[in-house]
Amino acid sequence: MFNKKWKVFLVVIIVIGAGAYFMLRPKQDAAQNEEAKQVKPAIGTVETYISTTGSVLPQNRLEIKPTVNGRIDKILVKEGDNVKTGQTLGWMSSTERAALLDAAKGKDEATLKYWEDAYKAIPLLAPIDGEVIVSTIQPGQTVTTADAIFVLSDRLIVRAQVDETDIGKIKLGQAAVLSLDAYPDAKINSTVGHIYYESETVNNVTIYKADMIPAEVPSYFRSGMNANVDFIDQKKENVLILPLDAVRDDSEGSYVLLGQGPGKPLTRRAVTTGLADEKNIEIISGVTADDTVEIRSKKFVLPASSSTGTNPFMPQRRKK
């Protein structure tokens, strides 16, 4: 009888011990799988953005076409050159002049020079100050009044497509940051120069276009490049900030964990937060720049490797 009671007692002890082990092990594993680092609140800037896309375009695209049909004699500029109003970009001959010069070339130099002086070539002039963005016609080619010999641009801008739900937050003169798909690391400061009044429908979405004027047009800008536009929606400078993951939330509100020194437990401190961006959050009250805030995050742990393969496509040895 005594042995039976002793066996029952041992079974109860084993069950209680196993239950306690499995209840405490998740907490211990969780603690081992957490990483902790300490940071101090800092003075910085918090910005929120409205992001969209656009493309690089000439603000004023001007095609230079000949007034008569004829043949190009000389091209004096190339793509990328900056030109001034009234500058001669090239020379051309009308169809009649080209025919006379071809006939004179079959005679002597004196005859050719006579017709060149008597029948002057037609200059192709720049009507505006700008940059040559297209110049594909070569000397000797025949052209008509419908052909664009040159294309000038007074300056390159970025035309953004803004969703109608965000257009109310965009204002003239608003600051924005541009980046190009071809040069993603280069950030270009710009401002909103014009917001179009007429909407367009793109993929069943109503959008409004907005012209972004770069503070300085980089040399690598090319018409047609795809661009990313970040309108600065809200911005606060010289405010107390913490990383986003330093602030926690529960039913009582926002709080942080303050470190009290080595070997001392953490204390909870309620905080009042303000503007937040993708990385940082503004701290209005609750902590100061002298406090130490602890950030706890989950630690990535690789799954334990097994000596036996678990790939279903690998041959497995049949267990006896």
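Here goes a summary of the coordinates provided.

**Looking at unusual backbone geometry**
Working step 1: You will see that Asn203, though not glycine, has its phi angle at about 55°, which is positive.
Working step 2: With respect to the secondary-structure elements, Asn203 resides in the loop between β14 (200-202) and β15 (205-214).
Working step 3: Here Asn203 falls in the exposed class, since its relative accessible area comes to 72%.
Working step 4: Within the chain, Asn238 stands out as a residue other than glycine whose phi angle is a positive 55°.
Working step 5: Mapping Asn238 onto the fold places it in strand β16 (residues 226-243).

**Let's talk about the environment of Gln174**
Working step 1: You can see Gln174 is positioned in the loop between β11 (156-163) and β12 (175-180).
Working step 2: Since its relative accessible area comes to 11%, Gln174 is described here as buried.
Working step 3: Between the C-alpha atom of Gln174 and that of Ile232, which follows or precedes it by 58 residues, the distance is 7.3 Å.
Working step 4: Contact partners of Gln174, with chain neighbours within four places excluded, come to Lys169, Ser190, Thr191, Val192, Phe231, Ile232 and Asp233.

**Some details on the sheet that holds strand β9 (residues 142-143)**
Working step 1: Pairing is antiparallel across the open sheet formed by four strands, whose spatial order is β7-β6-β4-β9. Edge positions in the sheet fall to β7 (122-125) and β9, since each of these pairs with one other strand and no more.
Working step 2: Pairing of strand β4 (residues 70-75) with β9 involves two bridges; the strand directions are antiparallel. Directly across from Arg71, in β9, lies its bridge partner Thr142.
Working step 3: Helix α2 (residues 95-105) rests against β4 and β6 (88-94) of the sheet, and its axis sits at about 75° to β6.

**Examining the pattern of salt bridges**
Note on pairing: side chains with opposite charge can pair once their charged atoms come close.
Working step 1: Per the stated rule, a full pass over the model turns up 14 salt bridges.
Working step 2: Measuring nitrogen to oxygen at the nearest pair gives 3.2 Å for the salt bridge that ties Glu47 to Lys235. With Glu47 in strand β2 (residues 42-58) and Lys235 in strand β16, this pair connects stretches of sequence that are 188 residues apart.
Working step 3: A relative accessible area of 15% places Glu47 in the buried class.
Working step 4: Between Lys209 and Glu200 there is a salt bridge; the shortest N-O distance is 3.3 Å.
Working step 5: Taking the relative accessible area as the measure of exposure, Glu200 reaches 35% and is therefore partly exposed.
Working step 6: Beyond isolated ion pairs, a larger network of salt bridges with shared partners links Glu47, Lys235 and Glu237.

Conventions adopted
- Residues numbered from 1 in each chain as written.
- Predicted model: local features only at pLDDT ≥ 70, side-chain atom pairs only at ≥ 80, totals over all residues.
- Heavy atoms only, no water.
- Helix = DSSP H or I, 4+ residues; strand = E, 2+ residues; numbered from the N terminus.
- Buried < 20%, exposed > 50% of the residue type's maximum accessible area, 1.4 Å probe, protein only.
- Contact = heavy atoms within 4.5 Å.
- Pairing = 2+ DSSP bridges.
- Axes fitted to C-alpha atoms, helices over the stretch in contact; angles between N-to-C directions.
- Salt bridge = Lys/Arg side-chain N within 4 Å of Asp/Glu carboxyl O.

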